[in-house]
Structure formats: structure tokens, C-alpha cells
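# Structure assessment
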Amino acid sequence: MGSEMVMVDGVPFPPEVTVAKPLALLGHGITDIEIHFLQIKYNAIGIYMEKNIVEHLGSWKGKKGAELAEDDLFFEALAAAPVDKFFRIVVIKEIKGSQYGVQLESAVRDRLAAIDKYEEGEEEALEKVSEFFQTKYFKKDSVITFGFPATPCTAEISFVTEGKEQTKIKVENANVVEMIQKWYLGGSRAVSPTTVKSLAENLGAMLSQ
């Protein structure tokens, strides 16, 4: 991989970022909605992981990207793999941070409630995340990042926008952390189908080597 930027809908993403160790850009895409045949793009997404993630996906060796994109068990294994992961989200369309926070909160809450894991601890952790976004304004080109170390099961969320200092929050509830990951890595239920497709194609190619 050269150091050429990868363009995701006009937004540049480095092919590699170093958090605790170097992580490669393994998937990218956008979140968008269609209103009256008009596509509105909200965010560009880059998913970074350790390249040795493929060691944890051996059962899918030789499978094509199109097949993997439809396979939710593959994405379960991807989310569960004990490697460092880092999500970089760049704002395309300005919105209030509270709107993003509410989307994230309801997606995580619904997923946890569906498997009976939404207790007081989860509610508190999720409220903290929602409050973090409450006061933010997502100007175009603002950056939200989610850092997930291999262990322990925690997440560090950061936000930076033009003219302001970076702000961060740590999430330590393992169930909430898992579902935040799955909001982006959840296969058919993920927030960005284009990102899921891109991850499946790139990992499929790596698994066929």
C-alpha cells in the first residue's frame, strides 16, 4: 500500500493510521438516505484494522466478496476478532451532533434490548455517549473516530471540528462497545451497506491469498 490517499466520495482517507499500532484501511463507504429520488449523503466512513484480522476469519477462506457481504456470521466474527480496530467518520452534510447521537443511541439500545442485555449499566453508558454528542455541531469535514483496542472491550470516541479542540470520551461497558462496533460492522443490519460491501470485497481478496 502506498501513501496515496483513498478518496471516499471526495473525502480523503489515509490508507493506514497508527493508533497503538499501524492499522490498514480495510473498508470504506458512506451513510446516506434517499428522499424523493434525491440521495442525501451524511458521512464518509473508513474502517481500519490490523491486517492479521484474516487469521481470525479462516472459516471463510476462498469465499468471494459478494458471498461474504451477505453473510452475517462473517461480520459477527469480524466484530468479535481480538484485533485493534479504528473507525474514522467524516461529515459530508452538516447536522447537529444530537441527531447523530440519537441515531447511535437508538441503534445500540434496540440491538441490546433484542438480546435482553439492556440493563442499568448499559443505559448509563449509552446516555453518556448521547450526551457527548448532544453539545456538538457536525460541520462539514468534522471528524468522529471510534477506537477499539483488541482488549479490554472498551471504546474511545473522539470528535474534532474546525477551530475547536479535540474532545474525547471513553466507553467501558462491554455490551455497549460491542453494539457500537456492530452499528458499522453489523452485516445486513449495519448503518452503511456500501461499507459492508467494501469490507467484504477487500477481506475476501485477502482471504484468497
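Fair warning: this is a prediction, and the values are worked out from it, not measured in the lab.

### Regarding the side chain of Gln 181
Inspection of the secondary structure assignment puts Gln 181 in helix α5 (residues 174-185). Overall, the relative accessible area of 7% leaves Gln 181 in the buried class.

### Digging into the side chain of Ser 142
You can see Ser 142 is positioned in the loop between β8 (137-138) and β9 (143-148). A distance of 2.7 Å separates the side chain of Ser 142 from the backbone oxygen of Lys 139, its partner in a polar contact. Dropping the residues within four chain positions of it, Ser 142 is found in contact with Ile 89, Val 90, Val 91, Tyr 137, Phe 159, Val 160 and Thr 161.

### Points about the UniProt feature "domain: Chalcone isomerase" (unreviewed entry) in the chain
UniProt's feature table lists "domain: Chalcone isomerase" (unreviewed entry) at residues 8-205, given in the numbering used throughout. Between the C-alpha atoms that bound residues 8-205 the distance is 20 Å, and the span itself is 36% helix and 31% strand.

### Comments concerning the packing of aromatic side chains
For the structure shown, the criterion picks out 14 aromatic pairs. Ring centres of Tyr 100 and Phe 133 lie 5.1 Å apart, and the angle between their planes is 75 degrees; this geometry places the pair in the edge-to-face category. Of the two residues, Tyr 100 sits in helix α3 (residues 97-114) while Phe 133 sits in helix α4 (residues 120-134), which places them 33 residues apart along the sequence. With relative accessibility at 1%, the residue Tyr 100 sits in the buried group. Residue Phe 133 is classed as buried on the basis of its relative accessible area of 0%. Ring geometry for Phe 132 versus Phe 133: centroids 5.2 Å apart, planes at 75 degrees, classification edge-to-face. We classify Phe 132 as buried; its relative accessible area is 9%. Grouping aromatic residues by their ring pairs yields a cluster made of Phe 87, Tyr 100, Phe 132, Phe 133, Phe 138, Phe 146, Phe 148, Phe 159, Trp 183 and Tyr 184. The residue whose ring lies beneath Arg 88 is Phe 13, and the NZ or CZ to ring-centre distance is 5.4 Å.

What counts and what doesn't
- Residues numbered from 1 in each chain as written.
- Predicted model: local features only at pLDDT ≥ 70, side-chain atom pairs only at ≥ 80, totals over all residues.
- Heavy atoms only, no water.
- Helix = DSSP H or I, 4+ residues; strand = E, 2+ residues; numbered from the N terminus.
- Buried < 20%, exposed > 50% of the residue type's maximum accessible area, 1.4 Å probe, protein only.
- Polar contact = N/O pair within 3.5 Å; in protein donor to acceptor, adjacent residues only side chain to side chain.
- Contact = heavy atoms within 4.5 Å.
- UniProt positions renumbered as here; feature names shortened; annotations may be inferred.
- Phe/Tyr/Trp six-rings, centres within 6.5 Å; stacked < 30°, edge-to-face > 60°.
- Lys NZ or Arg CZ within 6 Å of the ring centre and 35° of its normal.

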